[in-house]
Amino acid sequence: AEGSRGAGLTVEALHQLYYDPNIENKNLAQKWLMQAQVSPQAWQFCWALLSPDKVPEIQYFGASALHTKISRYWSDIPTDQYESLKTQLFSQIACFSSGSKMVLTRLCVALASLALNTMPEAWPGAVAEMVRVFQEEGGGVDGRARCLALLELLTVLPEEFQTSRLPQYRKGQVRGALGREWGSVCPLLQQLLRRADSPGAVKARVLRCLSSWVLLDVPLSESEGLVHDCFSALPDPELFDTAVEAIVNAISQPDSQRYVNTLLKLVPQVLALQDQLREAVQSGDMETCHGICRIAVTLGENHSRTLLEQVEHWQGFLALVNMIMFCTGIPGHYPVNETTSSLTLTFWYTLQDEIMSFELDRQTVYLQVYRPVYFQLVDVLLHKAQFPSDQEYASWSSDEKEQFRIYRVDISDTLMYVYEMLGAELLSNLYDKLGRLLTNTEQPTSWQHTEALLYGFQSIAETIDVNYSDVIPGLIGLIPRININNVQLADTVMFTIGALAEWLADHPVMLSSVLPLVLQALGNPDLSVSSVSTLKKICRECKYDLPPYATNIVAVSQEVLIKQIHKTSQCMWLMQALGFLLSALPVEDILRNLHSLITPYIQQLEKLADETPNPSNKLAIIHILGLLSNLFTTLDISKQDDESGEGSAPPVKTTPPPPGPNPVVVVLQQVFALIQTVLSKWLNDSQVVEAVCAIFEKSVKTLLHDFAPMVSQLSEMLGQMYSTIPQASALDLTRQMVHIFASETDHFPPIKALFELVTSVTLSIFQQGPRDHPDIVDSFMQLQAQALKRKPDLFLSESLDVKAVFHCGVLSLKFPEAPTVKSTCLFFTELLPHCSDVPPVARVVQEDGKLLVQAVLEGIGGGASRSLMDQFAEVLFCLNKHCFALLSVWLKEALQPPGFPSSRVTAEQKDTFSQQILRERVNKRRVKDIVKEFTLVCRGLHGTEYAAEY
């Protein structure tokens, strides 16, 4: 009775799930059904739902619920019920073998799960029994339907094994048992494939079944006959896809390389597919090309080492390599006329790796055979990289153009890799081809051909040091001869020059032949990205050789900036290029150029500063401020040793800068009043404030101590800004100044005053409610951490309320924004080591450390995102290292209340956690593992699949 009541309710809920238009009812129904599936009553109502009078959706739910119970709650089933459960499932599968396919599959999966849970002990010879039961006549079910049902069952058995949740030791036992059962499966599959009267549907199912079993690593030598039959099935269009899948799965099993003789027999079988491949190419049958190519590439890619080692069969393997070469060079343009060639690229990497990994004598022999093959490959790849005709390209969709762009990048990466094997000869080879192409007056050359050769050069020069190559001067000499009549070609010419920027720095005499091309391209909006990035590379690499060209470069750049030819980001790059360029000039020339470059923008900014704020003048202001900060990012007149970073101390300048103020400081002082005017109007707008702060932040990072003359006026301005309307960018700039000027007695007083001011303003934000300002809290915590790192004396000041800062930190640990919590943990890991040398810090930690411990435990107990556990662990580790005696008391007291930090942990588990933490004072990695383990227990995720991903 209970079963039929449960079935009735379930049918109702399913009806709601499928047919009720109300989404809330659907959700409720789904929730109820999820619980029903795992309830003890499921055993009763499952069978009722499978009765023939129910619709397939309801029967499907019944079968799914059975599978859920068997796969996840196996331990609930008494041993004496195994047999009846098995019998019931067999009879249901027989009933459904001519019924709904989706229900049949779920029932097969349920029986497969039962078999995996009972083999080999409780159900030895499971597969043999399945075959026997389904081969017996009877049950009024026709033979073909029974045969298909058996094949479905045999197909899902290995699949269910792959996804099952069996414990590791059981997995090994069951895999062994399944391996032994292959003996019952293989002859059946072979018999069905070879019978002339087997229907197509049966053969297709046999091939799927083989695919499924080979994934269990059944020995290739034992499935050899079946794989041979798969090749025979390839001419049948109905079976082609499933046969390809089965062959590919069989030969890509890791274990298959042990069966050398079987692999050698496969080579001629693959080569025999070449006629079918050529026919498919001629008739434009992309699917067949793709399938045959996959087979050839799988054999080559997985077994190139084994096949290379069989030296007496070298001609067979070379023929396979040539077949793959044919697939790489398959006629037509990717991805519109063909999609096959991209499958082959990784094969060439693999083959090269294998050849280069042999010891020298054998490598030399292989290189004699394969170097010519790889030179041919370069020709094929460059042919495939060619653009189609302008007319054809114009008809492609934007998606096709993007796929083609990615395909060319893959070709570029392959060429770069091949260069390792072919070396300088590859560059000479490309240079000769380009030379012949450009000097041949008889035959008109297509721009596509020229572009592809240059693209090959660019691919190699971009990442490989070509300084020793003797063909680069010739190449640079050829570039001006190119008739650039097309955007794609012009782009590639630009990128090729950019890739040679380092070479040009060593051969500055060649600059005069390429620089005019780059400056000319700057005026073309279609070449915006390539021309600006190339100019930036040249200005960065060759700045000490550019003074003779500086006037011209600045003039052209100014012109394109005034005409607004480029989008915002390219304008910013162009300013960075000019910063590099000006860095190498004498100071008076820098100032003169800066004056002419910046004056138009300053005049524009003065005009904008007078206007009433509105969205369009806001964009114009941010654009101008961005141009200035990008210029100051790279304008550095001293030669510098290493990059400026957030390390322990600012980097050191190696040569003293010229006497007198730094040109950037001169300009900043000139525009300072104007910037203040802009700020006074836009103080409410975080983006404008951010753009103003960026100018100073970039300048501080580049100039380092040369920025000193600006410190006091900037500190004053920042203090006024932040007191009026606090914004995160002002705190970030303050942090940068603390970082660089912390140890400078002359310049530090204004920064100290600024630090104390922004701290007290931020503390008052905390009193009013900081939840609306996670970005300010984040930047504030980073600033406090930087101060503790570079200048802990700041915390000795009377004017700094250390206790309040500490309490703000405890509050911030409970913010939902992960970046804010990360910065707060960083603050505490910087603060705690100073318990020993900064008395105010020691006092507050002693008095209120327990609050910190409670906040950390609350986060670990489930209050914070799991991604933050490493940071919380670092805080606990620091507490243990610097306040050991106190931590043991705090942990005991904080973990005392039942239900804290989670109702899921017992007192005993809390005690263990506490002892484990207190024991680890050296191994931080171990503390992180302890915290991860404990957080999973607190969240009820311990031992689940979530935990496995963690």
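Because the structure is predicted, anything quoted here is derived from the model rather than measured. Throughout, a residue's number is its position along its own chain's written sequence, starting from 1. At least 70 in pLDDT is required for a residue's local features to be given in this predicted model, at least 80 for side-chain atom pairs to be given and counted, and no such filter applies to totals for whole chains, interfaces and linings, which use all residues. Side-chain measures here rest on the full set of heavy atoms in the structure, leaving out hydrogens and waters.

Participant: Whenever I open this one, helix 29 (residues 568–583) confuses me. Can you help?
Facilitator: At 3.6 residues per turn, the α-helix brings residues three or four places apart onto the same side. The numbering of helices and of strands both runs from the N terminus, where a helix is a DSSP run of H or I of at least 4 residues and a strand a run of E of at least 2. Working rule for helices: expected span equals 1.5 Å times residues minus one. For helix 29, which comprises 16 residues, the first-to-last C-alpha distance of 23 Å matches the rise-based estimate of 22 Å (1.5 Å per residue) to within 8%. The buried fraction of helix 29 is high, at 13 of 16 residues. For the exposure calls, accessible area comes from a 1.4 Å probe over protein chains only, and a residue counts as buried if that area is under 20% of its type's maximum, exposed if over 50%, partly exposed in between.

Participant: Sorry if this is basic, but what is going on with the pattern of salt bridges here?
Facilitator: Side-chain pairing between opposite charges can occur once the charged atoms of the two side chains come close. Salt bridges, as used here, are contacts in which a Lys or Arg side-chain nitrogen is within 4 Å of a carboxyl oxygen on Asp or Glu. All told, the structure shown has 34 salt bridges when counted by the stated rule. Between E756 and K752 there is a salt bridge whose closest N-O contact spans 3.1 Å. Of this pair, E756 and K752 both sit in helix 36 (residues 748–768), separated by 4 residues, roughly a single helical turn. According to the relative accessible area criterion, E756 is buried, its value standing at 13%.

Participant: I tried to follow the nonpolar core on my own but got confused; where do I start?
Facilitator: A general trend in soluble globular proteins is that nonpolar side chains are found buried together. In this description, a nonpolar core means a group of buried Ala, Val, Leu, Ile, Met, Phe, Trp, Tyr and Cys residues linked to one another through side-chain atoms lying within 4.5 Å. The biggest cluster of nonpolar side chains holds 331 residues, and the ones touching the most others in it are W213, Y370, F696, F707 and F795. For F795, the residues in contact, after removing those within four places along its chain, are F755, Q784, A787, L788, L800, V802, L831, V838, P840 and V841. A36, F45, I58 and F61 belong to the second largest nonpolar core, which has 5 residues in total. Only heavy atoms enter the contact rule, under which two residues are in contact if any of them lie within 4.5 Å.

Participant: When you look at the side chain of T820 in this model, what are you seeing that I'm missing?
Facilitator: One can find T820 in helix 39 (residues 818–831). Excluding anything up to four places from it in sequence, T820 contacts P774, V777, D778 and F815.

Participant: Sorry, what's going on with the domain arrangement of the chain here?
Facilitator: A common way to express how large an interface is: the accessible area buried when the components associate. Under the domain assignment, the chain is made up of domain 1 (1–76), domain 2 (79–258) and domain 3 (265–483). The centre of domain 2, based on its C-alpha atoms, is set 41 Å off from the matching centre of domain 3. The partner domain 3 presents 17 residues to the 15 residues of domain 2 that form the contact. Summed over both partners, the accessible area lost on bringing two parts together, with a 1.4 Å probe, is the buried area. The largest per-residue losses of area from domain 2 upon contact with domain 3 belong to F231, F240 and I251, which jointly make up 40% of the total buried on that side. Here domain 2 and domain 3 share 2 salt bridges between them. Of the charged contacts, one joins K265 and E224 as a salt bridge, the two residues approaching to 2.8 Å between their closest N and O atoms. Here a polar contact is taken to be a pair of N or O atoms separated by no more than 3.5 Å, where protein atoms must pair a possible hydrogen donor with a possible acceptor and residues adjacent in sequence count only if both atoms sit in side chains. Applying the counting criterion to the domain 2 and domain 3 interface returns 6 residue pairs in polar contact (both at pLDDT 80 or more). Looking at the side of domain 2 that touches domain 3, the element that brings in the most residues is helix 12 (residues 240–251), giving 6 residues. Residues of the side of domain 2 that touches domain 3, tallied by class, amount to 9 nonpolar, 4 polar and 2 charged. Segmentation of the chain into domains, including their bounds, is taken from an automatic or database domain assignment. The classification used treats Ala, Val, Leu, Ile, Met, Phe, Trp, Tyr, Cys and Pro as nonpolar, Asp, Glu, Lys and Arg as charged, and all other residues, Gly among them, as polar.

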